[in-house]
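# Geometric and topological summary
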Amino acid sequence: MERKFDLEDRLIGFAIICIKLFTKVEYNYALDHLSKQLIRSSTGAALNYGEVQGAESSKDFIHKMGIVLKELKESRVNLKIQIGAELLKDIEKIEKSLKECEELISIFAKSIQTAKSKS
């Protein structure tokens, strides 16, 4: 059975992965600060994609896609900081999150580029 490619599902999945990174972790100030920000940016990407789907023009579409891309790039930097600072023990999960984030960034950057070339 062929799996349908759905950006909304991938963005929601990415947000869920990021949220689950922080279940059952010990508190420390840096982790608390970065985890809250990562949850905001990763869920922000998914939530803003809902706005993309209601875009009223190609200019509006490109602008809203750019907001999603911005949130994803913020998430990527956050994940890299956490990896570098060794804030989380489950390296496999955080690297999976970073890989998915990188793939989503590539998809959205290309989509924006394509939309700009058509408008």
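All of the points below concern the structure found in this document. For clarity, every value in this text was computed on a predicted model and none was experimentally measured.

## Looking at the packing of helix H2 (residues 29-52) against helix H3 (residues 58-84)
- H3 packs onto H2 with a crossing angle of 160 degrees between their chain directions and a minimal axis gap of 8 Å. Between H2 and H3, the angle falls in the class roughly antiparallel. In this structure, the crossing between H2 and H3 has a hand that is left-handed.
- Here the contact of H2 with H3 is built from residues that sort into 13 nonpolar, 9 polar and 5 charged.

## A few points about helix H1 (residues 7-20)
- Between its terminal C-alpha atoms H1 stretches 20 Å, which fits the 20 Å expected from 14 residues at 1.5 Å a residue.
- Those residues of H1 that fall on the buried side of the exposure criterion are Leu-7, Arg-10, Leu-11, Phe-14, Ala-15 and Cys-18. Buried residues in H1, looked at end-on, bunch into an arc of 135 degrees, giving them a common side.
- Taken together, the buried residues of H1 touch H2, H3 and helix H4 (91-118).

## A look at the layout of surface pockets
- In this model, the largest pocket occupies a volume close to 260 Å³.
- Around the largest pocket, the lining comprises 13 residues; the ones closest to its centre are Lys-24, Val-25, Leu-88, Lys-89 and Asp-90.
- Residues of the lining of the largest pocket, tallied by class, amount to 5 nonpolar, 2 polar and 6 charged.

## Topic: a positive patch on the surface
- Taken together, the side chains of Lys-20, Lys-24, Lys-93 and Lys-96 present a region of like positive charge at the surface.
- Along the chain, Lys-20 turns up in helix H1.

## Digging into the pattern of salt bridges
- On inspection of all chains with the given rule, the structure shows 7 salt bridges.
- Between Lys-99 and Glu-103 there is a salt bridge whose closest N-O contact spans 2.6 Å. Here Glu-103 and Lys-99 lie together in helix H4, a separation of 4 residues that amounts to about one turn.
- Where salt bridges share partners, they join Arg-10, Lys-99, Glu-100 and Glu-103 into one cluster.

## A look at the packing of H1 against H4
- For the pair H1 and H4, the least separation of the axes is 10 Å and the interaxial angle reads 150 degrees. If you check the angle between H1 and H4, you find them roughly antiparallel. Note that H1 runs across H4; the crossing there is left-handed. Along its contact with H1, which presents Leu-7, Arg-10, Leu-11, Phe-14 and Ile-17, the element H4 presents Lys-93, Lys-96, Ser-97, Glu-100, Cys-101, Glu-103, Leu-104, Ile-107 and Phe-108.
- Its residues assigned to classes, the contact of H1 with H4 comprises 8 nonpolar, 1 polar and 5 charged.

Here is what the cut-offs are and how they apply
Residues numbered from 1 in each chain as written. Predicted model: local features only at pLDDT ≥ 70, side-chain atom pairs only at ≥ 80, totals over all residues. Heavy atoms only, no water. Axes fitted to C-alpha atoms, helices over the stretch in contact; angles between N-to-C directions. Helix = DSSP H or I, 4+ residues; strand = E, 2+ residues; numbered from the N terminus. Parallel < 35°, antiparallel > 145°, perpendicular 65-115°, else oblique. Left-handed = near helix turned anticlockwise from the far one by under 90°. Nonpolar A, V, L, I, M, F, W, Y, C, P; charged D, E, K, R; others polar. Expected span 1.5 Å × (residues − 1). Buried < 20%, exposed > 50% of the residue type's maximum accessible area, 1.4 Å probe, protein only. Arc of directions from axis to C-beta. Contact = heavy atoms within 4.5 Å. 1 Å grid on protein atoms, 1.4 Å probe; cavity = no way out; pocket = protein on both sides within 12 Å on 5 of 7 lines; lining within 4 Å. Points joined across faces, edges and corners; volume = space filled by probe spheres on them. Patch = residues over 30% accessible without salt bridge, like charges linked within 9 Å, V, L, I, M, F, W, Y side chains within 5 Å. Areas by Shrake-Rupley, 256 points an atom, 1.4 Å probe, with all protein chains shown as cover. Salt bridge = Lys/Arg side-chain N within 4 Å of Asp/Glu carboxyl O. Lys, Arg positive; Asp, Glu negative; His and termini not counted. Charge placed at Lys NZ, Arg CZ, Asp CG, Glu CD.

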